[in-house]
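Read off the chains here:
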2 protein chains.
Amino acid sequence: MAAVVTIKDVAREVGVHPSTVSRALDPARRDRLGEPVVRRVLEAAERLGYRPDVAAASLRSGRSKLVGIVVPDIANPVFSPIISGLERALSARGYALIVADQRPDYAGGNDMVQMLIARRVDGLVLANAALKDGAVERCLQAQIPVVLVNRAEGQARVPSVVSDDMAGITLAVDHLIASGHRRIVHVAGPQSLSTGLLRRRGFVAAMRAAGLDPDEDDIEEAVAFTREAGLPAARALLARRPDATAVVAANDLLALGVYEALREQGRRCPEDVSVIGHNDMPLVDLVSPPLSTVRISHHEMGERTGALLLDLITGTHQGALQIVTSPVLVARGSTQPLEN
Amino acid sequence: MAAVVTIKDVAREVGVHPSTVSRALDPARRDRLGEPVVRRVLEAAERLGYRPDVAAASLRSGRSKLVGIVVPDIANPVFSPIISGLERALSARGYALIVADQRPDYAGGNDMVQMLIARRVDGLVLANAALKDGAVERCLQAQIPVVLVNRAEGQARVPSVVSDDMAGITLAVDHLIASGHRRIVHVAGPQSLSTGLLRRRGFVAAMRAAGLDPDEDDIEEAVAFTREAGLPAARALLARRPDATAVVAANDLLALGVYEALREQGRRCPEDVSVIGHNDMPLVDLVSPPLSTVRISHHEMGERTGALLLDLITGTHQGALQIVTSPVLVARGSTQPLEN
DNA sequence: AGTGTTTGCGCAATCGATTGCACATGAAGC
DNA sequence: GCTTCATGTGCAATCGATTGCGCAAACACT
């Protein structure tokens with residue numbers, strides 16, 4: 001009873017050739033057939049409980065209806081909504097998603113990419129691209145559609161979906177300036193990542209636009225986008241610039257590291273120093289004080305990545321290959337107008 | 001140049017039959033061959049850059065080296081570490097992971113399970129099982145190995161990996177009792193989920209063990225494991241039991257809902273009321289006050305789930321089919337000894 | 001030396017669906 | 001009434017790897 005139903009069973013049932021069933025089941029090829037046959041095939045397939053064997057179809061056609069995503073860390077609250085949005089966009093069109101976690105011990109991550117290519121994925125999403133990334137090369141020469149998400153590449157060789165990082169930081173800086181702050185410093189992210197680089201550039205540009213001219217000492221680069229990396233960076237920065245009244249962090253985790261550094265020094269946030277993050281991760285509204293930040297809709301980025309990739313796979317794409325989403329400012333309790 | 005290398009190419013190169021190459025490449029079947037042949041095949045495969053076609057192998061052998069997981073919400077901080085741990089365990093042994101997000105609009109979620117079965121996954125992980133779950137039926141009759149994680153089923157028909165919920169709640173209750181609390185109430189989770197049910201039972205049992213006898217009014221069931229559901233439940237509970245000095249929440253998100261309810265009523269935590277959660281999600285150490293909770297290692301649960309499932313798939317399993325991990329108490333600022 | 005057994009590898013069928021091509025049927029054109 | 005086409009369906013090869021079976025050579029044994 002649990003015998004698996006194949007296309008032949010359906011063909012026998014209806015009294016047609018298997019190839020006819022194959023065509024009837026494919027909406028794109030359906031119209032080459034007579035309407036009554038199609039109807040009978042569909043009905044029989046339904047009744048017998050036919051499920052196409054993806055492996056067989058994939059072997060013959062070369063298409064797997066599978067998309068791979070490589071992420072640095074699935075559990076990172078930045079990436080999980082991206083995966084979620086992506087999965088939503090893909091499954092709506094019959095594609096499934098393979099998630100590969102980037103092991104830190106494989107520099108470049110070609111390994112995961114190779115694995116996914118060996119699995120004959122129809123497309124690939126890279127959520128971990130560095131500014132110059134070897135994995136991108138591999139995809140390019142494997143002729144496989146690929147979209148970068150969250151982080152872009154140095155040269156825009158491949159499509160990407162990112163937040164407007166420069167604009168986001170500008171939002172943060174302008175918010176502080178509007179509150180009267182002038183001595184504003186920046187905890188930057190790793191400069192090997194587009195997010196780290198662009199946010200730093202954005203910081204400098206926004207400050208200049210306000211007539212301020214930050215120098216090297218106003219910026220400290222954290223080695224990673226983590227709380228752990230944020231703490232020493234913030235310590236160093238606050239030591240160099242004890243008169244700073246506000247800190248712009250390149251992301252929320254770094255901002256939390258700044259919180260810790262301030263606490264160590266017995267300085268209060270926001271009374272002594274305002275702090276603003278970036279991303280608006282879950283729960284940052286509940287930390288103390290509630291973190292002001294710049295909201296990026298990672299879920300939406302995931303969905304748009306999926307849509308773009310599917311268009312690329314089916315060859316129906318038109319429109320921009322570089323999608324940029326607009327961040328919005330979320331002011332909470334960690335920033336306040338400068339007193340006096 | 002980018003021509004894909006098949007097993008035939010390798011065979012021709014070495015001067016043996018394709019079947020020999022197939023055997024030489026499989027460690028399990030390798031020992032049936034002569035050592036020099038194996039060596040030459042391996043060398044040639046490496047040199048030519050041979051990558052097995054998973055679709056073809058899957059079609060013929062019926063094994064896909066693919067495992068599916070169904071989760072209620074990828075972005076939920078409870079599930080993402082599970083996925084992460086699972087992926088780690090699987091990829092170490094050459095399996096890839098397909099993630100399917102459970103749409104709320106499909107009651108029972110058989111749909112996702114069907115999709116995964118149609119993709120010929122070798123095994124399935126269900127992270128969303130209700131106490132009586134139709135999806136489990138499907139897996140059972142599809143004869144496909146399945147492991148439940150995080151939530152167990154009512155009857156233990158299938159293997160599962162869960163935290164010891166009763167023990168966890170006991171930890172929480174005992175911690176409060178040791179701090180002098182007596183009027184302790186419980187915000188329970190949905191009773192249709194094993195986590196909700198067991199934690200509630202655990203609460204009652206632990207209280208009784210301490211010589212206290214909680215009644216219905218000391219417990220309020222939230223409709224979901226969310227902050228949003230926690231708020232009204234906490235409101236109702238605190239209204240019924242205004243003299244309560246401590247609240248045990250069935251998970252951290254509910255505990256945060258309790259925070260909000262207390263704030264509404266102008267009561268302070270922990271001075272007026274102690275609150276303890278469950279799970280130790282990321283960032284709950286940074287909320288105000290830092291949340292005392294019971295730590296569950298979801299990442300570890302994911303890894304053990306993967307190991308168990310692989311054993312089941314390869315038929316090499318021995319040992320328990322119901323794995324229970326031990327939670328630990330994490331006391332932070334939201335609980336304090338009862339004054340006076 | 002002859003028989004029996006093991007070892008090592010080739011042969012060919014097979015998994016289930018897709019697809020280029022061939023062919024039959026009926027309609028249309030002159 | 002015969003050629004020309006269009007339309008709808010069947011035929012069979014094919015994708016790449018796996019695997020049961022069979023056979024030959026090498027070895028063991030009396």
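Everything quoted here is computed from the prediction, not taken from an experiment.

A. Summary view of the pairing of strand 4 (residues 146-149) of chain A. All names here are of chain A. Residues Val146 and Leu148 point to one face of strand 4 and Val147 and Val149 to the other, with burial holding for every one of them. Bridge count between strand 3 (residues 123-126) and strand 4: 3 bridges; the pairing is parallel. Within the sheet, the bridge partner assigned to Val125 lies in strand 4 and is Val147. Relative to strand 5 (residues 160-163), strand 4 is paired through 2 bridges, and the arrangement is parallel. By the bridge assignment for strand 5, Val149 is matched with Val161.

B. Layout of the sheet that holds strand 6 (residues 184-188) of chain A. Residue and element names in this part refer to chain A. The strand order 7-6-8-9 describes an open sheet built from 4 strands, whose pairing is parallel. If you trace the sheet from one side to the other, it starts and ends with strand 7 (219-221) and strand 9 (274-276), each paired once. Shown here is a sheet whose adjacent strand axes are inclined to one another by a mean of 15°, direction ignored. Against the sheet, helix 9 (residues 165-178) engages strand 6, strand 8 (246-249) and strand 9, with an angle of about 170° to strand 8.

C. Representation of the interface of chain B and chain A in the model. In this assembly, 45 residues from chain B lie in contact with 47 residues from chain A. For the pair chain B and chain A, the summed buried surface comes to about 3,900 Å²; carbon and sulfur atoms form 58% of the total. Between the two partners, chain B and chain A, sit 4 salt bridges. Among the salt bridges present, the one from Asp285 of chain B reaches Arg227 of chain A, with a minimum N-O distance of 2.8 Å.

D. Structural context of the protein's contact with DNA strand C. The local shell around DNA strand C holds 26 residues, among which Ile7 and Tyr50 of chain A together with Thr20, Gly34 and Val37 of chain B are the closest. A share of 59% of the atoms of DNA strand C within 4 Å of the protein falls on sugar and phosphate groups. Tyr50 of chain A is positioned with one of its side-chain polar atoms (N or O) 2.6 Å from a phosphate oxygen of DNA strand C. With respect to DNA strand C, the side chain of Arg23 of chain B contributes an N or O atom lying 2.8 Å from a base oxygen.

What counts and how
- Residues numbered from 1 in each chain as written.
- Chains lettered and ligands numbered in written order.
- Predicted model: local features only at pLDDT ≥ 70, side-chain atom pairs only at ≥ 80, totals over all residues.
- Heavy atoms only, no water.
- Buried < 20%, exposed > 50% of the residue type's maximum accessible area, 1.4 Å probe, protein only.
- Helix = DSSP H or I, 4+ residues; strand = E, 2+ residues; numbered from the N terminus.
- Pairing = 2+ DSSP bridges.
- Axes fitted to C-alpha atoms, helices over the stretch in contact; angles between N-to-C directions.
- Contact = heavy atoms within 4.5 Å.
- Buried area = accessible area lost by both parts, 1.4 Å probe.
- Salt bridge = Lys/Arg side-chain N within 4 Å of Asp/Glu carboxyl O.
- Near = heavy atom within 4 Å.
- Polar contact = N/O pair within 3.5 Å; in protein donor to acceptor, adjacent residues only side chain to side chain.

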